[in-house]
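Below, each chain spelled out in residue letters.
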Amino acid sequence: MKNKKTTFGIILATRSYFNSALAKDVRETLLKVLTENNYDYVILDEEDTPTGSGSIETREDGVKCADLFKKNREYIDGIIVTLPNFGFEIGIINAIQLSNLNVPILVQACDDENEKVDLDHRRDAFCGKLSVCNNLYQYGIPFTDTILHTYSIHSPLLLEDIHRFAAICRVVNKLRSTRIGAIGARPAGFQTVRASEKILQRTGIAVVPVDLSEIMGIANTIVDEDEVLLNRIQEIHGYAKVPEGYEKKLLKQAKFGLAVEKWIAANEIDAVAIQCWDSLQANYGCAACVTMSMLGDKLIPSACEVDIAGAISMYVLTLASGNASALLDWNNNFAEDRNKCVCTHCGNFPKSFVNNSLELGNLGVLSRTMGTENTFGAVKGKVTAGPFTYFRISTDDPKGIIKSYLGEGNLTDDPYGMDGCIAVTQVPNLQKLMKYMCKNGFEHHVAMCRGNVQDIVLEAVETYLGWEIYKHE
């Protein structure tokens, strides 16, 4: 993800018969909070409207605000409407509708101090917010609400809402123009990960395919003495423990990783799904896992088995959390507790998701049929305990929709003696979730990230992207 500073268009709304000093204080406080927390903003100058403070009231004010927003269209990620008092819906709705930005909108309103409700101090923003939201609903414009209906502009809830809203903007805006790389053909034995490119494109998600042979061709042009290659080998040694006797295979692994990254950069790819099974092992001589793991830690999610929808699911969680995500199988029951499940993959979890030391080795399953010689490069590690969020999208072709499920749980420290990357998870009412997934045709792959970002993903998907979503509880 590019480190672009998040920028908000600010609509400061007022009505002339309220004390203008109230709007001035809100403007100064809001802009100070944004600046101190590395956000940028676009707002009318204080003298641009008759009410002062750059606050808008009339349609004419709204037109002026819309023109400013249109001039800064390429920078604005979301709009914050703030109500120091009742505000006037006409100016607000015209500013939003005429700017035609199609970005998320946050509506915030300020508390009255109940001992200060004389004509010089009252706000009535509690009531005014209802009018603003009613207008947005009438116009069919989606918006995000704050934690409380109203609160003081000096409340810590303001920054909490801004951080959450910024994450929602990241998810929504990036998903509307995402490029997903599909490296290689989907393995014939994995019909479960089929997805509709046409349905995804309706959201703005483009799938960019490339034949696996092209990537292997790029890798084979890299000479052993290449300085970038030697640096990559050292990078892998610092990333995971490499057993003795695999330096030649590590060379091939490093070349493959550089070839993948070169193609990603040339095609402006945000997340990637790779044919990791089993053409790469048979025709090139190594596994893809460590490459995929390291891409994840660079915030370029990488999904197994050309699982395009899985890569998108991972990318949503990476955007929401700002951290690496992983793709796992819901894989093994945990007999002692039916709310626990062992989630695993051959070995491509990002190191920051594992939050533990990693070791490279051979693919456990494939090495039984293909031998150890051509299956080196799997990441092995046990995921440490902590809260996590899980998410999965699927294209439902018969219905012509994107559907999804979402929830939170805990990673546990329970030991489990299986090969590969292992995560023991605990999810409330897990059996209910499994029944939902089975009945609704969801895949065995699921995306996970550390931390609790369920509310961010739910708001982005439900309010703005319009995908069908099941929130598990």
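> Is there a simple way to explain the layout of surface pockets in this structure?
Its boundaries defined by the atoms lining it, the second largest pocket holds a volume of some 260 Å³. Secondary-structure elements contributing two or more residues to the lining of the second largest pocket are β10 (325–333) and β11 (340–345). Sort the elements by how many residues they give to the lining of the second largest pocket and β10 lands first, with three residues. Along the lines of polarity and charge, the residues of the lining of the second largest pocket split into five nonpolar, seven polar and three charged.

> Honestly, the packing of aromatic side chains in this entry has me stumped. Any pointers?
How two aromatic rings sit relative to each other is given by the distance of their centres and the angle of their planes. Counting across every chain of the model gives 13 aromatic pairs. A ring pair is formed by F8 and Y39, whose centres lie 5.5 Å apart and whose planes are at 45°; its orientation type is tilted. Residue F8 is found in strand β1 (residues 7–12), and its partner Y39 is found in the loop between α1 (20–36) and β2 (40–42); the two are separated by 31 residues along the sequence. Note on accessibility: F8 and Y39 belong to one class, buried. The structure contains a cluster of three or more aromatic residues connected by ring pairs, namely W330, F388, Y390, Y405, Y436, F442 and Y470. Sitting over the ring of Y284, K252 keeps its end group 4.1 Å from the ring centre. The ring of Y239 carries the charged tip of K351 above its face, separated from the ring centre by 5.8 Å.

> How should I be thinking about the side chain of S404 in this particular structure?
Take S404: it is sitting in strand β15 (residues 401–411). Once residues lying within four places of it in the same chain are set aside, the contact partners of S404 are F391, R392, I393, F442, V461, E468, I469 and Y470.

> Would you mind showing me how to read the side chain of S394 here?
Here S394 is to be found in strand β14 (residues 386–396). There is a polar contact of 2.8 Å between the side chain of S394 and the side chain of E443. Each residue touching S394, except ones within four places of it in the same chain, is listed here: I401, I402, K403, G441, F442 and E443.

> Can you walk me through the pattern of salt bridges in this structure?
Side chains that differ in charge, positive against negative, can pair when their charged atoms come close. Across all of its chains, the model carries 17 salt bridges by this definition. Across the pair K255 and D224 runs a salt bridge, and its minimum N-O distance is 2.6 Å. Here K255, found in helix α9 (residues 247–266), pairs with D224, found in the loop between α7 (212–220) and α8 (227–239); they are 31 residues apart in sequence, far enough to count as distant. With a shortest N-O distance of 3.3 Å, R392 and E443 are connected by a salt bridge. A residue pair is termed long-range when its members are at least 10 positions apart, and R392 in strand β14 and E443 in the loop between α15 (430–439) and β17 (445–450) qualify at 51 residues. The exposure class assigned to R392 is buried, which follows from its relative accessible area of 0%.

Quick notes on the rules
Sequence order sets the numbering: in each chain, residues are counted from 1 along the sequence as written. Per-residue local features of the predicted model are confined to residues with pLDDT of at least 70, and side-chain atom pairs are confined, for both listing and counting, to 80 or more; whole-chain, interface and lining totals are unaffected and use all residues. As a rule here, side-chain values cover all heavy atoms of the structure and leave hydrogens and water aside. Within this scheme a cavity is a closed region of a 1 Å grid, computed over the protein atoms alone, that accommodates a 1.4 Å probe without allowing it to escape, whereas a pocket is open but has protein on both sides within 12 Å along at least five of seven lines; lining residues each have an atom within 4 Å of a point. Grid points are joined across faces, edges and corners, and a volume is the space filled by probe spheres set on the points. We count a stretch as a helix when DSSP gives it H or I for four or more residues in a row; a strand needs E for two or more, and each element gets its number in order from the N terminus. The residue classification treats Ala, Val, Leu, Ile, Met, Phe, Trp, Tyr, Cys and Pro as nonpolar and Asp, Glu, Lys and Arg as charged. All others, Gly included, are polar. The rule is short: rings of Phe, Tyr and Trp, with Trp giving its six-membered ring, pair when the centres are within 6.5 Å, and they are stacked under 30 degrees, edge-to-face over 60, tilted in between. Note on classification: 1.4 Å probe, protein chains only; a residue is buried when its accessible area is under 20% of the maximum for its type, exposed when over 50%, partly exposed between these limits. For a lysine, the NZ atom is tested; for an arginine, the CZ atom; a charge sits over a ring if that atom is within 6 Å of the ring centre and within 35 degrees of the ring normal. Should any heavy atoms of two residues lie within 4.5 Å, those residues are considered in contact. For the purposes of these results, a polar contact is taken to be a pair of N or O atoms within 3.5 Å, where, inside protein, one atom must be able to donate a hydrogen and its partner to accept one; residues adjacent in sequence count only when each atom of the pair is a side-chain atom. Definition used for salt bridges: Asp or Glu carboxyl oxygen within 4 Å of a side-chain nitrogen of Lys or Arg.

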